[in-house]
2 protein chains.
Amino acid sequence: MSVKIAVLGHGVVGSGVVELFYKNKKSIEKHAGTEMDVKYILDLRDFPESPYADKFTKDFNDILNDEEVTSVAECMGGVEPAFTFVKSCLERGKSVSTSNKELVAEKGDILLKIAAEHNCNFFFEASVGGAIPIIRPLHRCLAANDIDKVAGILNGTTNFILTKMYNDNMPFAEALRLAQELGYAEKDPTADVEGHDACRKICIISSLVFGKHVYPKSVYTKGISDVELCDVAAADVLGHAVKLVASVRRTESGKILPVVMPTLVSYDNVMAGVNDVFNAVLVYGDGIDCTMFYGRGAGKLPTASAVLGDVIEAVKHKVTVFSQSWESAEDDSFIESVDELKSFWYFRVPYDSEIDGVEAYNHDDGISFITTQELTFAEAKAKAEKLSALAYMPVL
Amino acid sequence: MSVKIAVLGHGVVGSGVVELFYKNKKSIEKHAGTEMDVKYILDLRDFPESPYADKFTKDFNDILNDEEVTSVAECMGGVEPAFTFVKSCLERGKSVSTSNKELVAEKGDILLKIAAEHNCNFFFEASVGGAIPIIRPLHRCLAANDIDKVAGILNGTTNFILTKMYNDNMPFAEALRLAQELGYAEKDPTADVEGHDACRKICIISSLVFGKHVYPKSVYTKGISDVELCDVAAADVLGHAVKLVASVRRTESGKILPVVMPTLVSYDNVMAGVNDVFNAVLVYGDGIDCTMFYGRGAGKLPTASAVLGDVIEAVKHKVTVFSQSWESAEDDSFIESVDELKSFWYFRVPYDSEIDGVEAYNHDDGISFITTQELTFAEAKAKAEKLSALAYMPVL
């Protein structure tokens, strides 16, 4: 019997899912162990030229009420109407695989609970790191580890901009304009540039690894819009690349601390070499020490690859995969205050500053150095004020 | 009901499996969805001081005949008696998870067939790349892709030696001695240094990705023992790192070409930054473009992490995972001759050589350059002979 799939949304990712499915249908069916076909594509627009024109519908109920459809790919983006559609599908026992990070970050706990109640699955590999397998490795391959920290470059747009600043000495505004021209950044780039996109992704990772839903509003998030060229250049001299790092760690108090901030990454760390639109995720555990997953974090076929990987898993699994889920959080008391973030820190201070006992780099825009001791964010802020610091960032 | 496990072998990896299991028992049981315990540890030696002394047995039949034992971790290494033991376990329907690359490379097809016939699993995540999740991502997460090439740094010992040659200008023999002192290389380093270990691992990857068993004897394998310092230095000037790369690709003829050779990796490729004992695997597919998996390729707890991840999967899966298997090969006619290996090539030639039209680097030991066109290995060999080349290597 052939398994029937529906694809919600025919934008970049949704059309990629259909394209990649038909390109590799034979081997996909071999991996799934059954024949498969796309029965519906949901979109409000018309696509009369599409080779799959006969599959399009504008009515979600066609999909919901068709019992033949057992697996759904949600590629619409945004919380609504995606949430209502996904919820309805899961309530009918149809598994859903999504690329929608906003949906998972805001409503993941609710949707996972509904999936479990209806013996189906809510999968979201594509919501973090695009093509990079990270969700499944975290809860399956690394299941024997006590994972205490995850840190990643989770936004391709900002990594492209920072790479241009570094490689071509291009100021932020110019690099952003180039990213927009190349289609890597939206017309309104706020979600990428201010770190909101990376924040949603670290929320999903935090929830999965530590077992309780972390909402974006609980996460201290600072983007790259005030990262200056002189700091990127000074960091280089000090042996580091500046990256927008989204991370989460377990603190000494047993709480967790998710945070998104421009961060210095040592050239000794393989993540410093992750450039352009590529993403990477470092996972630290007591068995593995440190593992990194790297690849294209966005784009039509890379994201479609992750969605389809999930669809194949959903077809194979007749029961809920309970290891890939988390509980709702009653409050955010399990989240540590960002003031407690412990790190070495990069500082740029005025020439006349008193900075004894550190190797400092004097340049046109001040004196740059990295602290020789770890400080909390609160302590770093106090130090920054005392020294009238021109810039300061944590070091990974 | 508690699932009972047996661990075959109490060497580095086997003892790591027991240690990591008891360290993280609670969360491992949560991931597996059931209580678990180690009932037997098989080793011919005595471990009277071990906290698990009561679990040791010298008689494999204790394990084989105990119906309570449903999942076995094989960490003995070598083909025999591992093959006989694993075969017997699978025939009784006991799933086996192994770290034994020699066993998988030589007997994988046979053991996978027996597992399928007895509705259990033969898992081997730990046999390639140590802690790095690569086997499961290849056949699950990337299942929607047509994978046409995999290339990796699959041996930590040789990568450590090449890193020392590069970073510290240390000749091969001295770097090997240091690796032996640090416990990274065996007293007889042949298996690592001559590429046999990397060869076994690329055989396993080739078999999984392309579906037919590839034997080590079918793979052209060249180690690093004649890589010279001057070539490592010249490659650097030309923008490349020298790495022992094990790769497999589908060729234009539809055959596959697995090969192990010292290879130049461009600094633009994130794999060039993989240093010391770390391993990395690049996977190329039509959906993902390129993805990299990075981590510790060997060692007690990293390898134990991978074995235990498999044990947890084996406990969760009540049926054979058919996507993680391959067929026996009647002959090696599906393997392309290494003479057809197409690549750009690095050459070092004597001073008086006629080399027009390439950017060449003159140094104390000759002239180094990279070809401007791809050549087959056969063509490169002919060119090397014509130019009386002092060294030549492919470029990834």
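Scroll up a little and you will see the structure.
The sections below set out a description of the structure shown in this document. (Residues numbered from 1 in each chain as written. Chains lettered and ligands numbered in written order. Predicted model: local features only at pLDDT ≥ 70, side-chain atom pairs only at ≥ 80, totals over all residues. Heavy atoms only, no water.)

### A look at the overall build of chain A
Keep this limit in mind: Per the convention used, a helix needs a DSSP run of H or I reaching at least four residues, while a strand needs a run of E reaching at least two, with both numbered from the N terminus. We compute the radius of gyration from the C-alpha atoms alone; for a globule the expected value is 2.2 Å times N to the 0.38, where N is the number of residues. Relative accessibility thresholds used throughout: buried, under 20% of the residue-type maximum; exposed, over 50%; partly exposed, between the two (1.4 Å probe, protein chains only). Residues are treated as being in contact if the distance between any of their heavy atoms lies within 4.5 Å. A 1.4 Å probe and the Shrake-Rupley method give the accessible areas. Residues count as covered only by the protein chains that appear here. Asp and Glu are treated as the negative residues and Lys and Arg as the positive ones, with His and the ends of the chain left uncounted. Where a charge sits is defined by one atom per residue type, namely NZ (Lys), CZ (Arg), CG (Asp) or CD (Glu).
Along its length, chain A carries 13 helices and 17 strands. Its C-alpha atoms give chain A a radius of gyration of 22 Å, near enough to 21 Å, the size a compact globule of 396 residues would have. With the C-alpha coordinates of chain A rotated into their principal frame, the extents come out at 75 × 45 × 35 Å. Residues counted as buried form 61% of the 396 residues belonging to chain A. The long-range fraction of contacts in chain A, counting pairs at least 24 apart against all pairs at least 6 apart in sequence, stands at 71%. Summed over all atoms, the accessible surface of chain A reaches about 15,600 Å², with 47% contributed by carbon and sulfur. In chain A, 39 side chains carry a positive charge and 58 a negative one; their mean positions are 6 Å apart.

### Focus: the sheet that holds strand β4 (residues 69-74) of chain A
All names here are of chain A. To keep things clear, this is the line we draw: Strand pairing is defined by DSSP finding a minimum of two bridges between the two strands. Axes, fitted as lines to C-alpha atoms, cover a helix only where it is in contact. Angles between the N-to-C directions of the axes lie from 0 to 180 degrees.
The 6 strands lie next to each other as β3-β2-β1-β4-β5-β6, forming an open sheet whose pairing is parallel. Whereas interior strands pair on both sides, the edge strands pair on one side only; in this sheet they are β3 (56-57) and β6 (122-123). Bridge count for strand β1 (residues 3-8) against strand β2 (residues 36-42) is 6 bridges, and the pairing is parallel. Directly across from V3, in β2, lies its bridge partner M36. Along the sheet face, helix α4 (residues 82-91) touches β1, β2, β4, β5 (95-98) and β6 and points at about 150° away from the line of β5.

### Side note on the relation of the copies chain A and chain B
For clarity, the cut-off: A residue counts toward the fit only if its pLDDT is at least 70 in both copies, and the copies are then superposed by least squares on the C-alpha atoms of those residues.
Overlaying chain A on chain B yields an RMSD of 0.0 Å, the required transformation being a rotation through 180° with an accompanying axial translation of 0.0 Å. Look at the turn and shift together and you get a two-fold axis relating the two. In terms of C-alpha distance to the rotation axis, chain A has F293 of chain A as its closest residue, with the C-alpha 2.4 Å off the axis. When you check the interface residues of chain A against chain B, 100% turn up at the interface there too, and the contact is symmetric in its surfaces.

### Describing the sheet that holds strand β4 (residues 69-74) of chain B
All names here are of chain B. Ordered in space as β3-β2-β1-β4-β5-β6, the 6 strands form an open sheet in which the pairing is parallel. If you trace the sheet from one side to the other, it starts and ends with β3 (56-57) and β6 (122-123), each paired once. Strand contacts of helix α1 (residues 12-23): β1 (3-8) and β2 (36-42), with the helix running at about 160° to β2, the strand carrying the most contacts. Against the sheet, helix α4 (residues 82-91) contacts β1, β2, β4, β5 (95-98) and β6, and its axis sits at roughly 150° relative to β5.

### Quick word on the packing of helix α5 (residues 101-117) of chain B against helix α10 (residues 196-210) of chain B
Residue and element names in this part refer to chain B. As a reminder of what qualifies: Orientation is classified from the angle alone, with under 35 degrees giving roughly parallel, over 145 giving roughly antiparallel, 65 to 115 giving roughly perpendicular, and any other angle giving oblique. Left-handed is the label given to a crossing in which the near helix is rotated counterclockwise from the far helix by less than a right angle, and right-handed is the label when the rotation is clockwise. Residues are grouped as follows: Ala, Val, Leu, Ile, Met, Phe, Trp, Tyr, Cys and Pro are nonpolar; Asp, Glu, Lys and Arg are charged; every other residue, Gly included, is polar.
Packing of α5 against α10 brings their axes to within 9 Å, and their N-to-C directions diverge by 50°. Judged by the inter-axis angle, α5 sits oblique to α10. As α5 runs across α10, the sense of the crossing is left-handed. On α10, the residues that touch K101, E102, V104 and A105 of α5 are D197, R200, K201, C203 and I204. Here the residues of the contact of α5 with α10 are counted per class, giving 4 nonpolar, no polar and 5 charged.

### Focus: the pairing of strand β7 (residues 147-153) of chain A
Residue and element names in this part refer to chain A. A large share of β7 lies buried, amounting to 6 of its 7 residues. Strand direction decides the pairing type here: β7 and strand β11 (residues 278-285), joined by 6 bridges, are antiparallel. Note on β11: the bridge partner recorded for K149 is Y284.

### Regarding the interface of chain A and chain B
Threshold: Two parts placed together each lose some accessible area under a 1.4 Å probe, and the buried area is that loss summed for both. For this document, the term salt bridge refers to a Lys or Arg side-chain nitrogen within 4 Å of an Asp or Glu carboxyl oxygen.
Facing the 46 residues of chain A at the interface are 46 residues of chain B. At the boundary of chain A with chain B, total buried surface from both sides reaches about 3,800 Å², with 57% on carbon and sulfur atoms. Three residues stand out in chain A for area buried against chain B, namely R140, A144 and Y294 of chain A, and they jointly supply 16% of the buried area on that side. Our enumeration of links across chain A and chain B arrives at 6 salt bridges. The set of elements that each furnish at least two residues to the side of chain A that touches chain B consists of α1 (12-23), α2 (25-32), α6 (135-141), β12 (289-296) and α12 (300-316) of chain A. Here the residues of the side of chain A that touches chain B sort into 23 nonpolar, 13 polar and 10 charged.

### Thoughts on α10 of chain B
All names here are of chain B. Heads up, the rule is: In this scheme, a helix's expected span is set at 1.5 Å multiplied by one less than its residue total.
Taking 1.5 Å of rise per residue, the 15 residues of α10 would be expected to cover 21 Å, and the 21 Å separating its terminal C-alpha atoms lies within 8% of that figure. Within α10, 12 of the 15 residues are buried, which leaves the element mostly enclosed by the surrounding structure. Restricting attention to buried positions, one finds in α10 the residues D197, A198, C199, R200, K201, I202, C203, I204, I205, S206, S207 and L208.

### Topic: the state of the cysteines
Heads up, the condition is: Disulfides are defined as cysteine sulfur pairs within 2.5 Å.
Scanning all chains against the criterion turns up 0 disulfides over all chains. Distance from the sulfur of C141 of chain A, which forms no disulfide, to the nearest cysteine sulfur (C141 of chain B) is 6.4 Å. Given the relative accessible area of 5%, C141 of chain A is considered buried.

Remember that the coordinates give geometry; whether it matters functionally is a separate question.
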